[in-house]
Structures are given as C-alpha cells and as structure tokens.
Amino acid sequence: SAAEVLAVLSMFFVAPSPEYLTYIDFRTLTLLFSLMTVVAGLKEIGLFRYLGSSLLAGMHSTRQLAFTLTALCFFSMLITNDVSLITFVPFSILILNMAGLPELMIPVIVLQTIAANLGSMATPIGNPQNLYLYSSFGLSAGELVGYMLPLTVLSALLLVAAVFLLKNKAIT
C-alpha cells in the first residue's frame with residue numbers, strides 16, 4: 001500500500017509518459033523469472049526433497065542444521081545475494097518442514113538473508129554495490145576481495161555466534 005501511495009505521489013513530480021516503460025529492467029525480471037521457474041521445476045521433480053533427505057540424514061541437532069542452511073547462503077558468494085535467497089530459502093522451508101521444525105523457519109530465514117548479504121560482499125559479482133565499486137574504481141578482483149576479506153571473516157564469525165544463540169535440540 002505504501003509503495004502504491006508513493007508511486008502515485010511521484011507522478012506529480014515526474015509526469016506519466018511512455019518513458020515509464022524504460023524504468024523497468026525487463027532483462028533482470030526475465031532472468032529472475034527463469035531462475036524461479038528452474039527452482040520450481042527442480043522442486044517438482046523431487047530433487048529438493050532428495051537433497052533435503054540426504055542433508056537431514058547427516059544432521060544431529062537443530063543448531064547444526066541452522067548453521068548448515070545459513071552457511072549455504074553465506075558461501076554462495078559467486079552468485080548474487082538475491083539469487084542465493086531465491087534458491088536456498090524454498091529449500092530451507094522444505095527441509096525444516098520435513099524435519100518437523102517449523103519454529104526454526106523465521107530465525108533460519110533471517111540468518112540466511114543476513115548471510116547472503118554479508119557473504120556476497122566478498123566478491124565483485126556478489127552484490128550490485130561491489131560491482132559498482134569494482135568497475136568505478138578500476139579495482140582488480142583480487143584487490144576487491146583483499147579489501148573485503150577482513151569484513152567477510154568478521155561477518156562469518158558473527159553469524160556463527162548468532163547461530164549459537166538459537167535453542168539447540170536433537171533432530172530425530
């Protein structure tokens with residue numbers, strides 16, 4: 001509702017015109033739609049259920065499961081943070097439901113969101129801000145990673161600490 005009100009208000013400052021259609025990044029929307037279609041297809045054929053069962057077979061505690069699901073997002077820094085979340089959040093929801101742990105859904109998804117954003121800062125392609133810095137300042141990939149590595153390591157340590165704040169119980 002707020003977005004709608006603000007969109008209408010903005011029309012008083014920038015008059016509606018055919019140029020509005022150029023504001024929409026159809027390439028990005030098409031890529032995201034394609035990715036979501038692939039994820040839905042993989043879910044439909046049961047790949048996520050199979051991978052989830054395999055993952056759960058090796059888990060002994062809720063903390064271990066939360067750490068693993070969070071780490072998947074943190075270390076997916078070779079894809080953008082958004083793609084990481086579009087891929088791993090549905091997978092995590094499936095796994096947590098399979099394990100009978102719906103109470104962990106919100107904490108794990110929050111940790112995954114934080115992890116995807118913090119982990120993605122390590123590489124030039126991890127998030128749009130880094131891509132901008134990388135190209136605008138003429139940095140090499142190694143230079144950018146070197147600048148970001150201390151913050152990335154600190155972020156990883158803080159995420160591990162956050163996972164340890166979750167209540168731990170055995171997974172049966």
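Because the structure is predicted, anything quoted here is derived from the model rather than measured. (Residues numbered from 1 in each chain as written. Predicted model: local features only at pLDDT ≥ 70, side-chain atom pairs only at ≥ 80, totals over all residues. Heavy atoms only, no water.)

1. Brief notes about the nonpolar core
Line of reasoning, step 1. Within the largest apolar cluster, 30 residues are counted, with the highest numbers of intra-cluster contacts made by Leu 55, Leu 65, Leu 69, Phe 91, Ile 95 and Leu 96.
Line of reasoning, step 2. Going through the elements one at a time, helix H3 (47–57), helix H4 (62–74), helix H5 (81–98), helix H6 (105–119) and helix H8 (141–164) are the ones with two or more residues in this core.
Line of reasoning, step 3. Broken down by element, this core gets its largest block of residues, seven residues, from H5.
Line of reasoning, step 4. With near-sequence residues (within four places) excluded, Leu 65 lies in contact with Leu 55, Leu 56, Met 59, Ile 95, Leu 96, Leu 101 and Ile 171. (Core = buried A, V, L, I, M, F, W, Y, C linked by side-chain atoms within 4.5 Å. Buried < 20%, exposed > 50% of the residue type's maximum accessible area, 1.4 Å probe, protein only. Helix = DSSP H or I, 4+ residues; strand = E, 2+ residues; numbered from the N terminus. Contact = heavy atoms within 4.5 Å.)

2. A look at the environment of Leu 158
Line of reasoning, step 1. Relative to the helices and strands, Leu 158 resides in helix H8.
Line of reasoning, step 2. Put simply, Leu 158 and Thr 113 are 45 residues apart on the chain and 14 Å apart in space, counted from C-alpha to C-alpha.

3. Side note on the confidence of the model for the chain
Line of reasoning, step 1. Mean pLDDT over the chain stands at 87; residues scoring 70 or higher make up 100%.
Line of reasoning, step 2. The lowest-confidence element of the chain is helix H7 (residues 128–136), averaging 76 in pLDDT; the highest-confidence one is H6, averaging 94. (pLDDT = per-residue confidence, 0-100.)

4. Brief notes about the packing of aromatic side chains
Line of reasoning, step 1. Under the definition given, this model contains two aromatic pairs.
Line of reasoning, step 2. Residues Phe 74 and Phe 75 carry aromatic rings whose centres are separated by 5.0 Å and whose planes lie at 85 degrees to one another, so their mutual orientation is edge-to-face.
Line of reasoning, step 3. Residue class for Phe 74 comes out buried when judged on its relative accessible area of 4%.
Line of reasoning, step 4. Note on Phe 75: relative accessible area 58%, which makes it exposed. (Phe/Tyr/Trp six-rings, centres within 6.5 Å; stacked < 30°, edge-to-face > 60°.)

5. Quick notes on the environment of Asn 127
Line of reasoning, step 1. Position of Asn 127 relative to the elements: it lies in the loop between H6 and H7.
Line of reasoning, step 2. We classify Asn 127 as buried; its relative accessible area is 8%.
Line of reasoning, step 3. In the structure, Asn 127 is positioned 47 residues away from Thr 80 in sequence and 5.4 Å away in space, judged by C-alpha atoms.
Line of reasoning, step 4. With near-sequence residues (within four places) excluded, Asn 127 lies in contact with Asn 81, Asn 117, Ser 120 and Met 121.
Line of reasoning, step 5. Here the side chain of Asn 127 touches Ser 120 through a polar contact of 3.3 Å, side chain to side chain. (Polar contact = N/O pair within 3.5 Å; in protein donor to acceptor, adjacent residues only side chain to side chain.)

6. Quick word on the environment of Met 148
Line of reasoning, step 1. One can find Met 148 in helix H8.
Line of reasoning, step 2. Its relative accessible area of 14% is what places Met 148 among the buried residues.
Line of reasoning, step 3. Sequence separation between Met 148 and Gly 119 is 29 residues, and the spatial gap between their C-alpha atoms is 9.9 Å.

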